[in-house]
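Results of the structural survey
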Amino acid sequence: MTQARSPAGSGAGTGIGAEFIADATQIPTALTFDEVPGVVNTLSPGLVHMDIIDGTLFSGTVESTSADFVWNMTAADKGRIVGITYANGGTAMDSTNGWELNFINDTQADATCAYFGLGSGTEAAKATDKDVAVAANTTVTLSNSIVTTESHFNRGDIIQVTADRDGTAGVGSFRLLVSYESQGHV
Amino acid sequence: MALDTSNNSSLIRTNVWANEVKDVLQEELMLDSHVRWITEFPDGDTLNIPTLSEMTVRNYSEGAQVTLDDPTTGNFTLSIDKYYQSGFKIPEKFRHDSFYVSVAESNFVQKLTRALLEQKESDIANLQGGQTASNPNTINGVDHRFVGTGTGEVVTLADMQKAKLALDKAKVMRGNRRCFVDPTVTYQLQQISNVIQQDVYGSNAFVREGMNGTAYVGRFAGFDLFESLFLDTVTESITATAPSAGALTGTAAHANMFLGEEAFIGAMRAMPDMDAWYDNNTRSDVYHVTMRYGIKLFRPESLVVVLTES
């Protein structure tokens, strides 16, 4: 969940900054704290199940703008995103309704991990990796073609997923397939 | 024949030695009173004081999983690292021959302790060095170290008001604020008509009327001003940030200290401890004093140093 109390650095003078005393300087210093992911994936079976539901998403999800949904998970070990299995609801993913799913590594300077487009609308078309139409009540599996070492994550990295919508009627869920490997982020 | 001085010089004491002695004048010691002396430090030479953070706040939505944050903790370390001695001896022959032996003995014995207390006073003044030299040491947007902005790098009332601003922004308690300044600062204040003609900056009767027989100068911007001759002298160029921004160089400048609550902390392991004994090997009376303690800048946000030239 997002931080609500402003750090003293940016909020100096507001009286609302949370501070701690730095060991080296003993000077009160603005306290910034990590986002807490709503999901922690596990080594077994290496799958994270995420539901995309209009309006109210699963625990830990924050609606950052009127059209975007952002949530996080913590990587349990080194590895990469292999792909997703998307189960569509009753609305077809097309030029009117759809999703852009952007997976970035928040811990590693927002390095791109995976990028999927569902449908063919403005947002879905942004996805550079996959862009597929999905009929109503249909399940599709998309593999991640990004295999660079930069796209890998390390143990404890926070993977942030942003979903941008085309239209407002899209409902569905996806399973995220994660592969644990010896290769971490470089 | 007259009993004149020319022919009877043996009856004239041309050089007479007084019974009294002339001593050096001594400055009042007062910095010690603004150190928080810890007494719960009975053994060992390093004291650790854990530091605690404030707690965080997050947004929450109905039904969401709660988030529990780990408080941030740290450590402050104080070491007993000051160990001083002072001593002298009176040989037997001097005791036999000197008319002034009793005066000298009592005088120098008490000065052993005085010397160590002056050393402690200087060490406390030297805590201004806990800040980063030639740096504004900005905390919460306000400088905690800057050069006096008057012509010739002397103090101005704006400097004192900026010191107040620095402590206010750093959440330092409003009460019990003091500043220790070189007498040249008082001299400059007495040149300011607003200070000596009316009480617009507080009850400055002492400054206006020429002091009151103490080191207390008056009260400015929430600070009780005291004069001290033990302050450090430094030469630094500091680029100040707003307010009163700009680069200034203080040459051989007095490091005047503006202090809030708990700026300094200390632990006294051994107060000046006098030992006196007769040394048969040298046929002398020996007097020796030791003192051991540690002091440190405890809350950097509670210290403002204003460098001013004379």
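Residues numbered from 1 in each chain as written. Chains lettered and ligands numbered in written order. Predicted model: local features only at pLDDT ≥ 70, side-chain atom pairs only at ≥ 80, totals over all residues. Heavy atoms only, no water.

Re the packing of aromatic side chains
Describing an aromatic ring pair means giving the distance of the ring centres and the angle of the ring planes. Residues and elements named next belong to chain B. Summed over all chains, the structure comprises eleven aromatic pairs over all chains. With centroids separated by 6.0 Å and ring planes inclined at 70 degrees, the aromatic side chains of Phe88 and Phe108 adopt a geometry described as edge-to-face. Note that Phe88 is positioned in strand 4 (residues 82-91) and Phe108 in helix 2 (residues 101-125), a separation of 20 residues in sequence. Its relative accessible area of 22% is what places Phe88 among the partly exposed residues. (Phe/Tyr/Trp six-rings, centres within 6.5 Å; stacked < 30°, edge-to-face > 60°. Helix = DSSP H or I, 4+ residues; strand = E, 2+ residues; numbered from the N terminus. Buried < 20%, exposed > 50% of the residue type's maximum accessible area, 1.4 Å probe, protein only.)

Thoughts on the environment of Asp4 of chain B
All names here are of chain B. Residue placement: Asp4 occurs in the segment before strand 1 (35-38). Judged by relative accessible area, Asp4 falls into the partly exposed class, the value being 29%. Polar side-chain contacts of Asp4 include one of 3.0 Å to the backbone nitrogen of Asn7. (Polar contact = N/O pair within 3.5 Å; in protein donor to acceptor, adjacent residues only side chain to side chain.)

Considering the sheet that holds strand 11 (residues 264-279) of chain B
All names here are of chain B. Reading across from one edge, 1-11-12-4 is the order of the four strands in this open sheet, with mixed pairing throughout. Of all strands in the sheet, those bounded by a partner on one side alone are strand 1 and strand 4. The average undirected angle you get between the axes of adjacent strands in this sheet is 30 degrees. In the sheet, strand 4 pairs with strand 12 (residues 284-297) via ten bridges, with the strands oriented antiparallel. Each bridged residue has a counterpart across the sheet, and for Ser86 the counterpart in strand 12 is Val289. Most of the contacts of helix 2 go to strand 12, to which it runs at about 15 degrees, and overall it touches strand 1, strand 4, strand 11 and strand 12. (Pairing = 2+ DSSP bridges. Axes fitted to C-alpha atoms, helices over the stretch in contact; angles between N-to-C directions. Contact = heavy atoms within 4.5 Å.)

Thoughts on the side chain of Asp157 of chain A
Residue and element names in this part refer to chain A. By the secondary structure assignment, Asp157 is in the loop between strand 10 (139-143) and strand 11 (158-166). Buried within the structure, Asp157 lacks any salt-bridge partner; Arg155 is the closest side chain of opposite charge, at an N-O distance of 9.9 Å. Apart from the residues within four sequence positions on either side, Asp157 is in contact with Met73, Thr74, Ala75, Asn105, Thr107, Gln108 and His185. (Lys, Arg positive; Asp, Glu negative; His and termini not counted. Salt bridge = Lys/Arg side-chain N within 4 Å of Asp/Glu carboxyl O.)

Regarding the layout of surface pockets
Here the largest pocket is characterised by a volume of approximately 370 Å³. Lining of the largest pocket is provided by 24 residues; of these, Gly129, Gly130, Gln131, Lys296 and Leu297 of chain B occupy positions nearest its centre. In terms of residue count, the dominant contributor to the lining of the largest pocket is strand 3 (residues 73-79) of chain B (four residues). Considered as a void within the structure, the second largest pocket measures approximately 270 Å³ in volume. Taken together, 16 residues make up the lining of the second largest pocket; nearest its centre are Pro28 of chain A together with Ala170, Lys171, Arg299 and Glu301 of chain B. Here the lining of the second largest pocket gets three residues from one element, more than from any other, and that element is strand 1 (residues 19-21) of chain A. (1 Å grid on protein atoms, 1.4 Å probe; cavity = no way out; pocket = protein on both sides within 12 Å on 5 of 7 lines; lining within 4 Å. Points joined across faces, edges and corners; volume = space filled by probe spheres on them.)

Considering the pattern of salt bridges
All names here are of chain B. Here the structure, examined in full by the defined rule, presents 17 salt bridges over all chains. Its salt-bridge partner being Arg95, residue Asp285 comes within 2.6 Å of it at the nearest N-O pair. Highlighted residues: Asp285 in strand 12 and Arg95 in helix 1 (residues 92-97), separated in sequence by 190 residues. Asp285 sits in the buried class, given a relative accessible area of 17%. Among the ionic pairs, Arg145 bridges to Glu236, the shortest N-O distance being 2.7 Å. Highlighted residues: Arg145 in strand 5 (residues 145-147) and Glu236 in strand 9 (residues 233-240), separated in sequence by 91 residues. For the pair formed by Arg145 and Glu236, the shared burial category is buried. Linked by salt bridges that have partners in common, Arg36, Glu262, Arg299 and Glu301 make up one network.

Quick look at unusual backbone geometry
Here the phi dihedral of Gln26 of chain A falls at roughly 60 degrees; this positive angle occurs in a residue that is not glycine. For Gln26 of chain A, the location among the structural elements is in the loop between strand 1 and strand 2 (28-30). Given the relative accessible area of 9%, Gln26 of chain A is considered buried. Here the phi dihedral of Lys171 of chain B falls at roughly 65 degrees; this positive angle occurs in a residue that is not glycine. Mapped onto the elements, Lys171 of chain B comes out in the loop between helix 3 (157-169) and strand 6 (178-181).

Some words on the pairing of strand 10 (residues 246-259) of chain B
Residues and elements named next belong to chain B. Where strand 6 lies against strand 10, three bridges are found, and the strand directions are antiparallel. Along strand 10, the bridge assignment pairs Phe180 with Met257. Here strand 9 pairs with strand 10 via seven bridges, running antiparallel. Its bridge partner lying in strand 10, Ser237 is registered against Thr249.

A closer look at helix 3 of chain B
For helix 3 of chain B, with 13 residues, the first-to-last C-alpha span of 18 Å sits near the 18 Å given by 1.5 Å per residue. Those residues of helix 3 of chain B lying buried are Leu157, Asp159, Met160, Lys162, Ala163, Ala166, Leu167 and Asp168 of chain B. (Expected span 1.5 Å × (residues − 1).)

Remarks on the nonpolar core
Ranked by size, the top nonpolar core spans 33 residues in total, and within it Phe180, Met257, Leu259, Phe264, Leu303 and Leu307 of chain B carry the most contacts. Of all elements in the fold, only helix 2, strand 9, strand 10, strand 12 and strand 13 (303-308) of chain B reach the threshold of two or more residues within this core. One finds Trp99, Phe153, Val161 and Ala163 of chain A within the second-largest nonpolar core, a separate group that totals 24 residues. (Core = buried A, V, L, I, M, F, W, Y, C linked by side-chain atoms within 4.5 Å.)

Points about the side chain of Glu309 of chain B
Here Glu309 of chain B is to be found in the segment after strand 13. Setting aside residues no more than four positions away along its own chain, Glu309 of chain B makes contact with Gly152, Glu153, Val154, Thr184, Thr249, Gly250, Thr251 and Ala253 of chain B.

Re the confidence of the model for chain B
Averaged over all residues, the pLDDT of chain B is 89; the fraction at 70 or higher stands at 94%. In the predicted assembly, ipTM is 0.74 and pTM is 0.68. (pLDDT = per-residue confidence, 0-100.)

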